[in-house]
Amino acid sequence: MSKQEYTITVYTENQIGLLNRIAIIFSRRKINIESMNTSPSEIEGIHRFTIVINETEDVVKKLCRQIEKQVEVLKAYFNQNDEIVWQELALYKVSTDQIVEKVKVERLLRKYGARAVVIRKDYTVFETTGHREETDGLLEALEPYGVIEFVRSARVAIINASSGFHEKLKEFEHIEPGEDLVENEFLNKQNEVFTM
Amino acid sequence: MEALTVKKDKSVKTKKPSQKLSGSAALLEIFLAEKVETIFGYPGGAIMPIYDALYDYQDRLKHILVRHEQGAIHAAQGYARTSGKTGIVFATSGPGATNLVTGLADAMIDSTPVLCITGQVYAHLLGTDAFQETDVINITTPITKWNYQITDATEIPAVLAKAFYIASSGRPGPVLIDITKNAQLQIVDFENYQPCEHIRSYRPKPIVRKKYVEEAAKLINEAKKPFVIFGQGVILGRAEKEFARFLEKSGIPAAWTIMGMSAIPTDHPMAVGMLGMHGNYGPNVLTNECDVLIAVGMRFDDRVTGRLDKYAKQAKVIHLDIDPAEIDKNVKTTVPVWGDCKETLPLLTSLVQQKKHTEWLQKFRDLQKQENEICIYPELHPDTEILSMGEVIDALNELTAGNAIIVTDVGQHQMVACRYSKFNQSKSNITSGGLGTMGFALPAAIGAKFGAPQRTVIAIIGDGGFQMTLQELGTIMQGKLDVKIIILNNEFLGMVRQWQQLFNDKRYSFVNIESPDFVQLANAYHIPGKMVSKREELKNTLKEMLAHKGSYLLNIMVGKENNVFPMVPQGCSVSEIRLK
C-alpha cells in the first residue's frame, strides 16, 4: 500500500486539551500533520477538526480508531481527495510600487481567481482560495516581484457523500445508539463515506 | 466548559436540600456516594484543603499514607486488580503529580481503573511557574484514558461523576483530575450527587452484532485445530464463568497471556499454559499450526506474537474485544467480534457445537512433555547446591494450594513465577505486564491486600526491583499490614544479564547489583524476616512465613546465572521458541 493524501474529519466536543490529545496520536507515531484546522461544525457546540496527512490507508484507519477512542471524540472519518471538496486560503503581501509598475494586475487577479484585500501606498495584500496548485501558482507568479509575506491556511473540507452530523448526534445522545452508526462496517463494506 | 455532558436522570427521587460544602468536602461526599473505601495518597501544599476535609471523614474513608506517590498509584493498581473496583490516589501538585507518571503509564497499558486526584496551584497562578506548579494535564495526556483540570468547585460533581464512569467502564483505564487550590476551598451548593451513566461522545461497549458472532461460530464449528488465546479482558469483563463454559462446550485448548492468567484455574482441563516470550512450548509452537485462532480480550502484544509476519499466518483469526481500536491493530482479523465478552461469549457458546478435540489437545500435551523434560524438571529439581527460582515457586504452590494472590515485579523472577504458579481463583496474578515496571510489586501487593483482605498476598520480587520501591516497607510498618515478601535474590539484574549472556557474548554491562542486608532492612521496619540459601530450609521457612500473622520478608538466594527458558528470542517467530 502506498502513501497518499488523506483528509481526516473529526467531530468532537468543544473541550480544552482535546487538540493536544488528538495531535499526540500523530506525533507519537512520528507522523507529520500536513495541515490541521479546527472550527465549529454544522452543529452548535460540536467542533470539527480537518487534518491532512500523507499515509497508507492501513495507517490512516488505525489512526482514526485511536482518535475515536478519545472520550470527547464523536466520530472520525477519513477520505481520499476525490471524496471531498476542499479549499485552502492564501494571503500575499507585495510592494504596491512593484506590482503597479511591472504586472498587469487585473490579468493576474483574473487568472488566479484572486482579489486584492488591501491596497495601500506601500503594499498590497492579495487573497486567493483553491487547491494547493492554485495558491502556489499565484505565489510563483508574484515571486519575481518580491513577496514580502505569504501565508496559507490549513485545508478545510466538505465530505461529498455526507448528509451532515445532525442525525448521528441524535443517536449518540441515546444510551443505546442504533446499529448504523456503530463503529466500522467490516466484512467488505468499505465503500461508504466513512471508513472506520 | 460548556460541553460536559453528564446525563441527568429526571425521574430521580426527591432531592435532598442542597448543603453548603467546600469543594474538598464535596469531593469526599462523592467518594462516599461512589462507595470508595480506601485512598492511597501523600499530602502536600496544593492538596492541603482536601486533606483538611479528609480529617473529618477518617471514620468513613480509609487513607493509606504511602512513602512515595509512585507507591500510591501502584497500590491503587493492586487494589483495583484484586477488587475489580477503581483505585483512588491523592497526590499534590508538581513533584507529587509527576511521581504518578510511571503508574499512570502502567495502568494505561494494562487497562487498570485508577482515579488520581492531584492538587494544583491556585487558578490565578496557573502558567506563572508558581511554586510546585507543573502542567500535569499535558504531561499525563498520553497516559490517561481521560484527564481534566477543575478550576471552579461547581464543576466537581459532574466531572467526578464522569471520571468514575470513564475509569471503570468499557476498557478501563486511569483518569486524572487536577483540582486547583481555590476550587478545593471554594464553598458550593452541593445537591444530590448523580452518578454518570452516559456520555454522548463515549461508548464504552460496542454493540454486539449477531452477524459476526454467527460467522465466528461457523468458523469454530468447521475448525479442525482451533486454539483459544485469552487475556485480561476475560477478568476485566467479569466473564470467567462464561469463558470456562465456552471452553468446556467447544473443547478448544486455551492459553493465557500474562495478564489473562488466573481467569481460569491453571489446572483447567482445557488449559495449555502461557503464551509469549517465556511462555510454554506447546501454545507457542502450535500458534503456527492451528487453523482458527480465537483471541479473547487480548491485544497481541509483541511479547506474545514474536515476529508478526510469521505469526499464525495459516490461521483464520477471530478477535473478541471491547475496544474497536484493537481489532486489526497488530494482527489482521477474519471475524471481529466487537463487544463485552460477558455478552459475546454466551452468544458464541450457544452457537458452537459440543466437541472434543482430543488429538489436537494431545499435541499440546506432547509438547508439554518435551518442555517438562528439557526445561521444567531441571528447573524444579536442580542438581546444583543453590536453589532455583522455580523450586521456590513450586514449594510455595504446595503450601498455598493455589489460593494465594501472587504479585510480581519485572524480570526473571516474574517470568518464573508466572510460569510455575498455580491459581484456583481469578484476579490472583498481579503483575506489571505491558509496561514492565520494576518496583511495581511491593506497593501493588499493599494495594492488593486492601482489595482482597481475606486472601494471602505474596509479593515475589527480584533483588533489583525491590530496591526501586523499598521505601514502601514504611507503609507496611505504619499500617501493620499483612504482606508476605519473597525476594528471589540472584545478585544480578537477571533478565538483562540473561540477554547479555545470550546475545551480547556475556558482556555483563552494569547488571552486577549489590544489595543491602534485606533482612536487617526489614527488621529496621519491624518486619521479621529470614535469609534462605539451603534447600532443606526452604519449605519450613516458607511455612513459617505463611503462618506468621503480619508481614514477613524472605530473602531467598538463588542461582546467580540461571536462565529462564523456553524463550522466543526477539525478532523470531513464536514457533522458533528455544527450549535451551
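About the cut-offs
- Residues numbered from 1 in each chain as written.
- Chains lettered and ligands numbered in written order.
- Predicted model: local features only at pLDDT ≥ 70, side-chain atom pairs only at ≥ 80, totals over all residues.
- Helix = DSSP H or I, 4+ residues; strand = E, 2+ residues; numbered from the N terminus.
- Buried ≥ 20, exposed ≤ 12 C-beta atoms within 10 Å, placed from the backbone.
- Contact = placed C-beta atoms within 7 Å.
- Rg over C-alpha atoms; globule rule 2.2 N^0.38 Å.
- pLDDT = per-residue confidence, 0-100.
- Domains from an automatic or database assignment.
- Pairing = 2+ DSSP bridges.
- Axes fitted to C-alpha atoms, helices over the stretch in contact; angles between N-to-C directions.
- Parallel < 35°, antiparallel > 145°, perpendicular 65-115°, else oblique.
- Left-handed = near helix turned anticlockwise from the far one by under 90°.
- Nonpolar A, V, L, I, M, F, W, Y, C, P; charged D, E, K, R; others polar.
- Core = buried A, V, L, I, M, F, W, Y, C linked by C-beta atoms within 7 Å.
- Arc of directions from axis to C-beta.

*Asks:* How should the overall build of chain A be read in this particular structure?
*Replies:* When helices and strands are counted, chain A shows six helices and nine strands. Every one of the 196 residues in chain A was classed for burial, and the buried ones make up 30%. For chain A, the proportion of contacts with a sequence separation of at least 24, taken over those separated by at least 6, is 74%.

*Asks:* What's the story with the overall build of chain B in this structure? I'm lost.
*Replies:* Scanning chain B from terminus to terminus reveals 23 helices and 20 strands. Expected size for 580 residues packed as a compact globule is a radius of gyration near 25 Å; at 24 Å, chain B falls within 12% of this value. Along the three orthogonal principal directions, the C-alpha set of chain B runs to about 70 × 60 × 40 Å. Counting only residues that meet the buried cut, chain B has 56% of its 580 residues in that class. Contacts in chain B between residues far apart in sequence, at least 24 positions, make up 79% of those at least 6 positions apart.

*Asks:* It is not clear to me how the confidence of the model for chain A should be interpreted in this structure. Could you clarify?
*Replies:* Reading fine detail from the predicted coordinates is not recommended where pLDDT is low. For chain A, mean pLDDT is 86; residues scoring 70 or higher make up 89% of the total. With pLDDT under 50 throughout, residues 180–196 of chain A is counted as low confidence; its partners more than four residues away or in other chains account for 27 contacts.

*Asks:* Help me understand the domain arrangement of chain A, please; the structure alone is not making it clear to me.
*Replies:* How large an interface is tends to be reported as the accessible area lost when its parts come together. When the domains of chain A are assigned, the result is domain 1 (4–84 + 157–181) and domain 2 (85–152). Taking the mean C-alpha position of each, domain 1 of chain A and domain 2 of chain A sit 32 Å from one another.

*Asks:* Please explain the sheet that holds strand β1 (residues 4–13) of chain A as it appears in this structure.
*Replies:* Each strand in a sheet pairs with its neighbour through backbone hydrogen bonds, running either in the same direction (parallel) or in the opposite one (antiparallel). All names here are of chain A. Spatially, four strands are ordered β2-β3-β1-β4 in an open sheet, and the strand pairing comes out antiparallel. The two strands at the open ends of the sheet, each matched to only one other strand, are β2 (35–40) and β4 (73–80). Going across the sheet, the axis of each strand differs from the next one's by a mean of 15 degrees, ignoring polarity. Where β1 lies against strand β3 (residues 46–55), 10 bridges are found, and the strand directions are antiparallel. Bridged to Glu-5 within β3 is Asn-54.

*Asks:* Would you explain the packing of helix α9 (residues 210–222) of chain B against helix α14 (residues 341–351) of chain B in this entry?
*Replies:* Residues and elements named next belong to chain B. As a packed pair, α9 and α14 sit with axes 9 Å apart at the nearest point and diverge in direction by 45 degrees. Between α9 and α14, the angle is such that the two are oblique. Here α9 runs over α14; the crossing is right-handed. Listed contacts from α14 to Val-213, Glu-214, Ala-216 and Ala-217 of α9 are Thr-344, Leu-347, Leu-348 and Leu-351.

*Asks:* I'm lost on the domain arrangement of chain B in this one. Help?
*Replies:* All names here are of chain B. By the assigned domains, chain B splits into domain 1 (19–190), domain 2 (210–364) and domain 3 (382–557). A C-alpha centroid distance of 37 Å is found between domain 1 and domain 2. Counting from both sides, the interface comprises six residues of domain 1 and, opposite them, six residues of domain 2. Taken together, the residues of the side of domain 1 that touches domain 2 sort by class into one nonpolar, three polar and two charged.

*Asks:* Please explain the nonpolar core as it appears in this structure.
*Replies:* Generally speaking, soluble globular proteins have nonpolar side chains that are buried together. Core analysis: the biggest nonpolar cluster contains 181 residues, and Val-89, Val-407 and Ala-459 of chain B have the highest contact counts within it. Looking at which element gives the most residues to this core, the answer is helix α7 (residues 156–168) of chain B, with nine residues. If you look at the next biggest cluster of nonpolar residues, it comprises 23 residues, including Tyr-11, Ile-51, Val-60 and Ile-67 of chain A.

*Asks:* It is not clear to me how the interface of chain A and chain B should be interpreted in this structure. Could you clarify?
*Replies:* The partner chain B presents 21 residues to the 26 residues of chain A that form the contact. Broken down by secondary-structure element, the contributors of at least two residues to the side of chain A that touches chain B are α1 (18–28), α2 (57–69), β4 and α6 (166–173) of chain A. Grouping the constituent residues of the side of chain A that touches chain B by class yields nine nonpolar, seven polar and 10 charged.

*Asks:* In this structure, what is going on with the sheet that holds strand β12 (residues 292–296) of chain B? I would like to understand it.
*Replies:* Residue and element names in this part refer to chain B. Read from one edge of the open sheet, six strands run β11-β10-β9-β12-β13-β14, paired in parallel fashion. Unpaired on one side and paired on the other, β11 (271–274) and β14 (335–338) mark the two borders of the sheet. Mean inter-strand twist for the sheet, computed between neighbouring axes without regard to direction, equals 20 degrees. Across five bridges, the pairing between strand β9 (residues 226–230) and β12 is parallel. Counterpart to Phe-230 in the pairing with β12 is Val-296.

*Asks:* What is the right way to read helix α21 (residues 494–503) of chain B from this model?
*Replies:* All names here are of chain B. Listed as buried for α21 are Gly-494, Met-495, Arg-497 and Gln-498. Projected down its long axis, α21 carries its buried residues within an arc of 160 degrees, all on one side. Contacts from the buried residues of α21 go to α17 (412–420) and β17 (457–462). After α21 finishes, the residue Asp-505 shows a positive phi value of roughly 55 degrees.

*Asks:* Hey, could you run me through the packing of helix α16 (residues 389–400) of chain B against helix α23 (residues 535–547) of chain B in this one?
*Replies:* To describe two helices that pack against each other, one gives the angle between their axes and the distance between the axes. Residues and elements named next belong to chain B. Relative orientation of the contacting elements α16 and α23 amounts to 50 degrees, with a least axis distance of 10 Å. Of the possible angle classes, the one that applies to α16 and α23 is oblique. The element α16 and its partner α23 pack so that their crossing is right-handed. Contact with α16, carried on its side by Val-392, Ala-395, Leu-396 and Leu-399, involves Leu-538, Lys-539, Leu-542, Lys-543 and Leu-546 of α23 and no other residues of that element. Of the residues assigned to the contact of α16 with α23, the class counts are seven nonpolar, no polar and two charged.

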